[in-house]
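# Secondary and tertiary structure notes
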Amino acid sequence: MDSLINPIMDYLVCPLCGVISKHCGYVCGLTDSLNSLREAGRDLVNITRDVEARVDLAVEQRLRPTHEVNGWLESAKIMLREVDYILHRGDEEIQKTCLRKTCFPGSWSSRDKLGKEASEKIVAVEELIGRGHFAVVAEKPPRAPVEERPIGKTVGLDSIISEVWRCIEDHNEKVIGLYGMGGVGKTTLLKKLNNKFRDTEHDFDLVIWVKVSRDANLEKIQESILRRFEIPDQMWIGKDEDGRANEILSNLRGKKFVLLLDDVWERLDLSKVGVSDLLDDSSQTGSKIVFTTRSEEVCGEMGARRRFRVECLSPEAALDLFRYKVGEDVYSSHFEISNLAQTVVEECRGLPLALVTIGHAMASRMGPTQWRYAVGELQRYPFKFAGMGNSVFPILRFSYDSLREDIFKTCFLYCALFPEEHNITKDELIQLWIGEGFLNGISPRDQGEYIIESLKLACLLERGENSEDSVKMHNLIRDMALELASENNNKTLVLQNNVGSKIESINSFDGWHEAVRLSLWGSSIDFLALVEAPSCPQVRTLLARLTMLHTLPIPSRFFDSMDALEVLDLSYNLDLNQLPEEIGRLKNLHHLNLSNTSIGCLPTAIKRLIKLKVLLLDGIQCHLSIPEGVISSLSSLQVFSCFSTELVELIDPLFNETAILDELNCLEHLNDLSLTLFSTEAVDKLLNSPKLQRCIRRLTIESSELLSLELGLMLSHLEILRIKCGFMKRLNIDQGLNNRPSFSALRHLSIILCPDIQNLTCLVHVPSLQFLSLSNCHSLEEIVGTYASGSSESRNYFSNLMAVDLDGLPTLRSICSGTVAFPSLQTLSITGCPSLKKLPFNSESARRSLISVRASAEWWNQLEWEDEATKDIFTVKFQEMNVKR
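On a predicted model such as this, the values are computed, not experimentally measured, just so you know.

This next bit is on the sheet that holds strand E4 (residues 206–213). Pairing within the open sheet is parallel, and its 5 strands lie in the order E4-E5-E6-E3-E7. In this open sheet, the two strands that pair with only one neighbour each are E4 and strand E7 (306–309). The sheet shows a mean angle of 15° between the axes of neighbouring strands, taken without regard to direction. Where strand E3 (residues 175–179) and strand E6 (residues 288–293) come together, 5 bridges link them in parallel fashion. Across the sheet, the residue bridging to Val175 is Ile289, located in E6.

This next bit is on helix H10 (residues 315–326). Counted at 1.5 Å a residue, the expected span for H10 with its 12 residues is 16 Å, and the 16 Å between its end C-alpha atoms agrees. Within H10, burial applies to Ala317, Ala318, Leu319, Leu321, Phe322 and Val326. Buried positions along H10 lie against helix H11 (328–331), helix H12 (335–348), helix H13 (352–361) and helix H14 (368–380). A positive backbone phi angle near 100° is found at Gly327, which sits one or two residues after H10.

The sheet built from 3 strands is open, its strands ordered E8-E10-E9 with antiparallel pairing. If you trace the sheet from one side to the other, it starts and ends with strand E8 (424–425) and strand E9 (462–463), each paired once. Where E9 meets strand E10 (residues 470–472), 2 bridges bridge the pair, whose relative direction is antiparallel. If you follow Arg463 over to E10, its bridge partner there is Val471.

This part takes up the environment of Phe727. Looking at the secondary structure, you find Phe727 in the loop between strand E21 (720–724) and strand E22 (730–733). Sequence spacing of Phe727 and Glu705 is 22 residues, and the spatial spacing of their C-alpha atoms is 6.6 Å. The residues contacting Phe727, other than those within four sequence positions of it, are Ser704, Leu706, Leu707 and Asp756.

What follows deals with unusual backbone geometry. A positive phi angle, close to 45°, is found at Arg349, a residue other than glycine. As for its placement among the helices and strands, Arg349 is situated in the loop between H12 and H13. The backbone phi angle of Cys459 is positive, close to 60°, even though this residue is not glycine. By secondary structure assignment, the location of Cys459 is in the loop between helix H18 (444–457) and E9.

Moving on to the packing of H10 against H13. With their axes 8 Å apart at the nearest point, H10 and H13 run at an angle of 30° to one another. Classified by the angle between their axes, H10 and H13 sit roughly parallel to one another. Every pair of crossing elements has a handedness; the one defined by H10 and H13 is right-handed. Residue-level contacts link Ala318, Leu321, Phe322, Lys325 and Val326 of H10 to Pro352, Leu355, Val356, Ile358, Gly359 and His360 of H13.

Definitions and cut-offs
Residues numbered from 1 in each chain as written. Predicted model: local features only at pLDDT ≥ 70, side-chain atom pairs only at ≥ 80, totals over all residues. Heavy atoms only, no water. Pairing = 2+ DSSP bridges. Helix = DSSP H or I, 4+ residues; strand = E, 2+ residues; numbered from the N terminus. Axes fitted to C-alpha atoms, helices over the stretch in contact; angles between N-to-C directions. Expected span 1.5 Å × (residues − 1). Buried < 20%, exposed > 50% of the residue type's maximum accessible area, 1.4 Å probe, protein only. Contact = heavy atoms within 4.5 Å. Parallel < 35°, antiparallel > 145°, perpendicular 65-115°, else oblique. Left-handed = near helix turned anticlockwise from the far one by under 90°.

What follows is the structure in structure tokens.
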């Protein structure tokens, strides 16, 4: 039996034992495999931590991890989760085996599979560890298309930002200039614009910010641009100007970019920078350059067709900014502080830099006593106030220091003679400069106009209120000018009317006797108190307007101590009716202004003022007697004016007109003449004198006898013409030689109470006309009649016309035939013109310039239009005017 069983057992059991032995080996080896896997997992964890630490450090250094490193770290995380899963299952399996104390074939399959997984995973972990030794884990990230610029709270900029953004979206606009005075917020505006590119959807590839500054350095500008590209530094470092420009050109070619240039002081040659070729008409990328500057002149030099003046803040916005900088806790700590804050805002006149500087200085001042003291100091010594001398004054002075000629600086400082907020007419400023001897060119008036425009372009002067013919100074600019004048040994003292107070003696002001220029304004100033003052031998300029000069004459001793006096302006002293003969002692006097006074007779002694260059007698309120030979004795006289003013319209001859014209005709240096003439004899004498015609700049003709007026070629400098002639039927203006207009200077034309005149077609010969006023011309049917409408001259007339005022023209049917472009027209006012049914406009007329059309609603509603589009465009500009019947 055993012999039978043993072979069977050998056949069955031996193979089975081999199988069991083999799988038991797997089971025993599972523990070793799991231990090896656990060790490999720990190695992977350590290497992962090392790589992550290197990545964290790189990120702190603003580097970007490579895609390879990010991929490896992600694989390591997955791998460690898989290792943990295998180890967890393996530990469970071993624990089960230990509990059963046996090894049955039923558990072999799972153990076998687990052992294989552990062995295979060890190989995968070791392979992943091998790939985890990185030489570089991170690199410089690509530059963002827009880099955010830090900016604090802003107020009052949303409107201009919207305007500039619309301009950026216009494909035709390539270069945009933002200009304004120092401290007005141009850089803040440009930063806000830069950040708008980050927050707004657009199609620009790159926005580049460059700080240019006063001492522009081309290399630094090019470097700022090049650092925005994804190129190694060695590609441009060490190259010359042309090499860097070529590198910029090649990197920007084909891209749509915006170049923001902050604080440009003079023309920057864009071709040398390397971007000009990308902005010409052949480039269709739509790239833009937007820059800030203090000078509108730089806008022109940079080729900016669109220019935006950055204005000071409105009173409401200024108060919001100041309140924010002071802090609500301080602002609301006492009711009086809010009123004092309003005073500060008024002193700063909306200049953000000043508001921020003073706001910081007052941010910890809770008591009204401290505020009252601080406000008083600010009013008396603005640039000695905390922070103003260091933060504001230098910023404003940069504009002054950058003026290109010394004469510009001298004329600028002179403007500080006028009070705060004062509208200074260009005329009076130029006449004063002539008297001071500042203007010595061939054409002093043209030189003066050029200087004024230069100061406006530099944002040191502003346009006057409601008039292109006047200017004014910002309060802080004026304070700076007074400070600078004292530094230049031109001490200037300005005493201005203070409401509710009276200045009884000028002696109360320290150092007044050292002043080179004295300016006295307002009824609280007793002008005659000067008589009791010590001598003032240094004073060269004395302006005294609207002061307490009563009917008592100026004492003779008044001029005793003024040997150096060159400019004497007593205008707007309405009660001044007499000058002492001692005025003849002022041997150095160059300028005498007696306008808007009641002077009845010029002293004969004036004939001794042989250095007098300017004599102004505008708006004299009574008949003025000028002794024979006085005018002809003034051998240096350049400017003579006897003209109506806004205060006084002359209605009778002030003197013997023909005799004075004869004396004026003898003056060799006369070049600027303003007259109001009443007699036909005087008009004829003027129009028959080539010299006087060349000199006349402003002319009013009031005559009840004049039937026609022929204005010829000689009146080439005539700027203002007023006609009030009750029987005049015809006005003729010479066409000029070879169809060249002879009246290229005429800007203002006013025709009043000429009931018989029927048309003014001659106005086509006045190409520079800016202001046209026609009133009570009852027979006027058309202003410009049917006039060779195909000619170039007809297409160009009224091209400079800015304002038209038509009143009391009952028979007027037409302004002109057809439609006219009126590219400069800003305002149109029409009353008492019932027969005028159509305006010479189409949808393109005055498209960019028109501000308003003022008329009665009844008249406006009955107008006929070229088409509906034209009607819609002009209806938006219509402002109803109440007309008294």
